[in-house]
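Geometric and topological summary
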Amino acid sequence: MLGFFRQCLPLQRRIVSKLNERLGQFGLSYSQWTVLYYVKNHGAAVLAEIAAYYGVKKPVITRSVQTLEAELLVEQLPSRDRREKLIHLTAKGEEIYAAGRILIDELEQETLVGLSEAEVSALFASMVTIRKNLQA
């Protein structure tokens, strides 16, 4: 099946652009949001865990965390390993996450307009398979 990447890559760029527009209200980019999302949904974590989850290098996450820390959305706490710090959401980070989550949910609903529940379920199942194939 040729053309998969030709369809996905522009779609991914549009999605990230729309997310950046919405999250810009909070002074956030999508890459910074991914850190908030991870910590909110997985609990306090070290940089390496977050980087591994997203399949990016640790310095990418480090830059996002530094920005989020400057905005008082996350804080670094000591961990068992003195070389690593746990990234944790602050109260302000929790508030921004909740508000951002609403905007992202709205965008997701707008994006999926016109697709039936069965089509959305099939799409999600296909995406899981594709993700697994790319991780192999």
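Anyway, here's the lowdown on the structure attached to this text. (Residues numbered from 1 in each chain as written. Predicted model: local features only at pLDDT ≥ 70, side-chain atom pairs only at ≥ 80, totals over all residues. Heavy atoms only, no water.)

In this section: the overall build of the protein. When you go through the protein residue by residue, the secondary structure sums to 6 helices and 2 strands. Starting at the N terminus and ending at the C terminus, the protein contains elements arranged as α-α-α-α-β-β-α-α. In terms of its C-alpha atoms, the protein occupies a principal-axis envelope of roughly 50 × 35 × 25 Å. Put simply, the protein has 136 residues, and 26% of those count as buried. Intrachain contacts of the protein at a sequence separation of at least 6 include 48% that bridge at least 24 residues. Split by element, the accessible area of the protein, about 9600 Å² in all, is 56% carbon and sulfur. For the protein, the distance from the average site of its 17 positive side-chain charges to the average site of its 15 negative ones is 9 Å. (Helix = DSSP H or I, 4+ residues; strand = E, 2+ residues; numbered from the N terminus. Buried < 20%, exposed > 50% of the residue type's maximum accessible area, 1.4 Å probe, protein only. Contact = heavy atoms within 4.5 Å. Areas by Shrake-Rupley, 256 points an atom, 1.4 Å probe, with all protein chains shown as cover. Lys, Arg positive; Asp, Glu negative; His and termini not counted. Charge placed at Lys NZ, Arg CZ, Asp CG, Glu CD.)

Positionally, T62 belongs in helix α4 (residues 58-70). Look at T62 and you get partly exposed, because its relative accessible area is 22%. Remark: the alpha-carbon pair of T62 and L115, spanning 53 residues in sequence, is separated by 38 Å.

Core analysis: the largest hydrophobic core is formed by 23 residues, its most contacted members being L28, L36 and I50. Among the secondary structure elements, those contributing two or more residues to this core are α1 (4-23), α2 (30-42), α3 (47-54), α4, β2 (85-89) and α5 (91-111). A per-element tally of this core places α2 first, with 5 residues. Discounting chain neighbours no more than four positions away, the residues touching L36 are L28, L68, L73, V74, L89, I96 and Y97. (Core = buried A, V, L, I, M, F, W, Y, C linked by side-chain atoms within 4.5 Å.)

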